[in-house]
Amino acid sequence: MDTELRPHEETVTAPEPGDAGLVFIGRIRTPWTGRGECPRQGRAGEGPICRVEIDPLWAPALAGLDEFGRLELLYWLDRARRDLVVQNPGHTGATRGTFSIRSPNRPNPIGTAEVTLEGREGCTLLVRGLDCLDGTPLLDVKPARRQLAVIDETGTAGGPRHCVKGG
């Protein structure tokens, strides 16, 4: 964890985290081992190919994922601070509240990225567009919201709904 404070940053004594019942479903493999090396914001389709290693227990949950070109990954920023309430994101002295920026340092350090699915090797997804450190725990994988179109098969409100690949 990077514990050094920047000028004008403020911390609080954060409460002990309770158990939200989260389960890590895998690990993310990237070329970045330190925060200074990591891109500030990943962009789908850009950057190196990274590996999202899903635990084999969850292999059946990958069925149908190959139909989507873009995915949303949720991950736990395990090396982030959890006590910062005011941050100096650009080292400029201009501070912002933690909830108004996309810093990894937050009370519940959940990261999200929309990535491009470049391929799959068994339980490993090959993606572009990540901005997290090597070994980051994976929380969830979903088709990107922009690719989903809701279809009502019955033609009436409240009928069964299915998500299909969209534009």
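Residues numbered from 1 in each chain as written. Predicted model: local features only at pLDDT ≥ 70, side-chain atom pairs only at ≥ 80, totals over all residues. Heavy atoms only, no water.

**Remarks on the nonpolar core**
Stated formally: By nonpolar core is meant a set of buried Ala, Val, Leu, Ile, Met, Phe, Trp, Tyr and Cys residues that side-chain atoms within 4.5 Å join together. We call a residue buried when its accessible area falls under 20% of the maximum for its residue type, exposed when it is over 50%, and partly exposed in between, using a 1.4 Å probe and counting protein chains only. The numbering of helices and of strands both runs from the N terminus, where a helix is a DSSP run of H or I of at least 4 residues and a strand a run of E of at least 2. The contact criterion used throughout is that any non-hydrogen atoms of two residues lie within 4.5 Å.
Formed by 26 residues in total, the largest nonpolar core has its most connected members in L125, L130 and V141. Of all the elements in the fold, those that place two or more residues in this core are strand 3 (50-54), strand 4 (70-76), strand 7 (110-121), strand 8 (124-128) and strand 9 (136-143). Here V141 is in contact with I25, I54, L65, L71, E72, L73 and L125, once residues within four sequence places are set aside.

**A look at the sheet that holds strand 5 (residues 84-87)**
We count it as follows: Should DSSP find at least two bridges between two strands, the strands are regarded as paired.
Reading across the sheet, the three strands line up as 1-5-6 and stay open at both edges, with antiparallel pairing between neighbours. Sheet topology places strand 1 (10-11) and strand 6 (96-97) at the edges, where each strand pairs with a single neighbour. Of the pairings in the sheet, the one linking strand 1 to strand 5 comprises two bridges and is antiparallel in character. Across the sheet, residue T11 finds its bridge partner in strand 5, namely L84.

**What about the pairing of strand 2 (residues 26-29)?**
Residues of strand 2 alternate between two faces, with G26 and I28 buried on one and R27 and R29 left unburied on the opposite face. Two strands pair when backbone bridges link them, and strand 2 and strand 9 are joined in this way by three bridges, in the antiparallel orientation. Bridging across to strand 9, G26 finds its partner in L138.

**Considering the pairing of strand 4**
In terms of burial, strand 4 is a largely internal element, five of the seven residues being buried. Pairing of strand 4 with strand 9, which is carried by five bridges, proceeds in the antiparallel orientation. Note that in strand 9 the partner of L74 across the bridge is D140.

**Remarks on the pattern of salt bridges**
Going by this rule: Whenever a carboxyl oxygen of Asp or Glu lies within 4 Å of a side-chain nitrogen of Lys or Arg, that contact is scored as a salt bridge.
By the definition in use, this model includes nine salt bridges. Ionic pairing is found between E121 and R51, a salt bridge with its closest N-O pair at 3.1 Å. Linking E121 in strand 7 with R51 in strand 3, this pair joins segments that are 70 residues apart in sequence. Each of R29, E53 and D134 takes part in a single network of salt bridges with overlapping partners.

**Details of a nonpolar patch on the surface**
How we decide: Patches in this entry comprise residues that are over 30% relatively accessible and not in a salt bridge; like charges within 9 Å are linked, as are nonpolar side chains (Val, Leu, Ile, Met, Phe, Trp, Tyr) within 5 Å. Using a 1.4 Å probe, the Shrake-Rupley method yields the accessible areas, and only the shown protein chains count as cover for residues.
Residues V23, L57 and W58 make up a contiguous nonpolar surface patch of about 300 Å² in total accessible area. Structurally, L57 is set in the loop between strand 3 and strand 4.

**Details of the layout of surface pockets**
Going by this rule: Method remark: on a 1 Å grid restricted to protein atoms, a set of points is classed as a cavity if a 1.4 Å probe fits but cannot get out and as a pocket if it is open with protein on both sides within 12 Å along at least five of seven lines; lining residues have an atom within 4 Å of a point. Grid points are joined across faces, edges and corners, and a volume is the space filled by probe spheres set on the points. Residue type decides the class: Asp, Glu, Lys and Arg count as charged, Ala, Val, Leu, Ile, Met, Phe, Trp, Tyr, Cys and Pro as nonpolar, and the leftover types, Gly among them, as polar.
Within this model, the largest pocket holds a volume of roughly 820 Å³. Around the largest pocket, the lining is made up of 32 residues, and of these R35, R40, R102, S103 and P104 lie nearest the centre. By residue number, the principal contributor to the lining of the largest pocket is strand 7, which donates three residues. Each residue belonging to the lining of the largest pocket can be placed in one class, and the counts come to twelve nonpolar, eleven polar and nine charged. In this structure, the second largest pocket encloses a volume near 220 Å³. The wall of the second largest pocket is formed by 14 residues, among which A14, P15, R82, D83 and P107 lie closest to the centre.

Shape is all these values report; function is a separate question.
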